[in-house]
Amino acid sequence: MQNTTNNQVLGVVLLIRHGDRQGFYQDPDSYAPFGTKITALGSAQEQQLGGLLRQRYLDPSSPHYIHGIDGNIVNLDQIQARADAGGEGGVIFNSALSLLQGFFPPYSGANDTLANGTTIIAPLGGYQYIPIESVEPENDISLEGWTSCTAFSDATEAFYNSTEFKQKANESADFLNSLKQYLDGRPVSLENMRNIYDFLNVRSIHEANFASQISPSMLAQARDLANFHEYGVFTSGTPDGIGNIAGQTILPSILNGFARITNASDPLMILHQEISYKPFISLFKMTAVAEHNPELAGIVDYAAAVALEVRASSNGPVIRFNFKNGTNADDFKVYNLFNASGDVPLSTFVDRFDDVTVNSTAAWCAACHNNVDRGCGEIKLGSAQTVDAEMLHPVGAGLLGAGMAVAFMLIVCFFLFATGCIRWGTRNGVVPKKSSDDDSEFEKV
């Protein structure tokens, strides 16, 4: 890392929601997902956001410029990209591709002149190939901590049975009944509100006839109820509560990004993580950003972006929290973390979450009460085998060893007997001995 001055941006951790997509259904209890696809609008939104990030962080005239970064031809040592490959996996991964093409667009200078004088121009006008890590939920819990999480599902059911939820359901019953005509027979209940809003929102974006039938106020009211629903599901009263599992599992990768950016021997300057809306909700709660900004207590828009800037200061690196709620928002806005004012020391950010991060599959299995899938079955089996070995008393271990030695000797003897190398003695004390002419003689033993 080069010499720095106060307030200079050292690097940034980006959390990006995917772009516009087709309808997407999730089980209201387990949040088990069903497939969807990205739209042309979604790809365009992500590329547009990537272009804005390019202006913000790669333009030397920008006050947010990351000094020392290669802005034209991407330096793959300076950027790491990851994408959730879960239920909306294709949408999220393709969104990451589109964003990176806006961030690092084709470079026209990407060509080679060969020894014979031929000039070869790179495909697609100098398309830049940036690797994206596909984060598979079955192998990595970091970007999708809520699926197959029994404790999370139990907490969701508890929320549905709470006085607060039942009161909201009673208050909204008439409005929900008014939506039946638009839902093509889908279940109409507050428990299903996320799916109801998603269905209405997708159709209002892509179907002109439907958009003319439903009023903006009805869509806004449906979104408010969906925000109430999702904020209640994906948050808890304390940072270590299971409702915050989406934030607890993504935090280790965020903290690792900070550590790498501030490490003078590590060239990383940008960590880009493409995700769904759930981690945003948990992180806004855990960082107290939503406490003073209630408009953030809910579902963020497509192509929403959190930019956690690591900046230099005289007292060490600090974190600045910036958020832009989709392509309709004017620009990034700075929000205060932890009810503080201004930038927060990196050490404060790390200490705040030291005891609440879920940074391993084993820790996730324990928190989620899962002993079966996402690697938990293998961990349980390994733990059981270890415990069995440790529970064996030293005396028992000695006896077991002796028993195994005796068993081995018996096996050897049986083998020798079977092959004729030895024979058991007869009752009269003689054993047969084969002569050279195949006649049998007997000798005393």
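Residues numbered from 1 in each chain as written. Predicted model: local features only at pLDDT ≥ 70, side-chain atom pairs only at ≥ 80, totals over all residues. Heavy atoms only, no water.

(A) Focus on the state of the cysteines. Tallied over the entire structure, the rule returns 2 disulfides. Disulfide pairing is shown between Cys 149 and Cys 368; the S-S distance is 2.1 Å. Sign of the S-S torsion, about -90° for the bond between Cys 149 and Cys 368, identifies this disulfide as left-handed. Of the two residues, Cys 149 is situated in the loop between β5 (133-135) and α4 (150-160) and Cys 368 in helix α12 (residues 361-368); the sequence distance between them amounts to 219 residues. Overall, Cys 149 belongs to the buried group, its relative accessible area being 1%. Classification of Cys 368 as buried rests on a relative accessible area of 0%. Across the disulfide from Cys 365 sits Cys 376; the S-S distance is 2.0 Å. On the sign convention where negative means left-handed, the S-S torsion of about -90° between Cys 365 and Cys 376 marks this disulfide as left-handed. (Disulfide = S-S within 2.5 Å. Helix = DSSP H or I, 4+ residues; strand = E, 2+ residues; numbered from the N terminus. Buried < 20%, exposed > 50% of the residue type's maximum accessible area, 1.4 Å probe, protein only.)

(B) Broad picture of the pairing of strand β6 (residues 270-275). Counting buried residues along β6, 6 of its 6 residues qualify, which places the element largely inside the surrounding structure. Along β6, one buried face is formed by Ile 270, His 272 and Glu 274 and the opposite face, lined by Leu 271, Gln 273 and Ile 275, is buried too. Looking at chain direction, strand β1 (residues 9-17) and β6 are connected through 6 bridges and run parallel. From the neighbouring strand, Ile 16 faces β6, where its bridge partner is Glu 274. (Pairing = 2+ DSSP bridges.)

(C) Examining the side chain of Ser 236 more closely. Mapped onto the elements of the fold, Ser 236 is located in the loop between α8 (216-233) and α9 (245-261). Judged by its relative accessible area of 17%, Ser 236 is buried. Sequence-distant contacts of Ser 236, defined by excluding residues within four places in its chain, comprise Gly 241, Ile 242, Gly 243, Asn 244 and Lys 285. (Contact = heavy atoms within 4.5 Å.)

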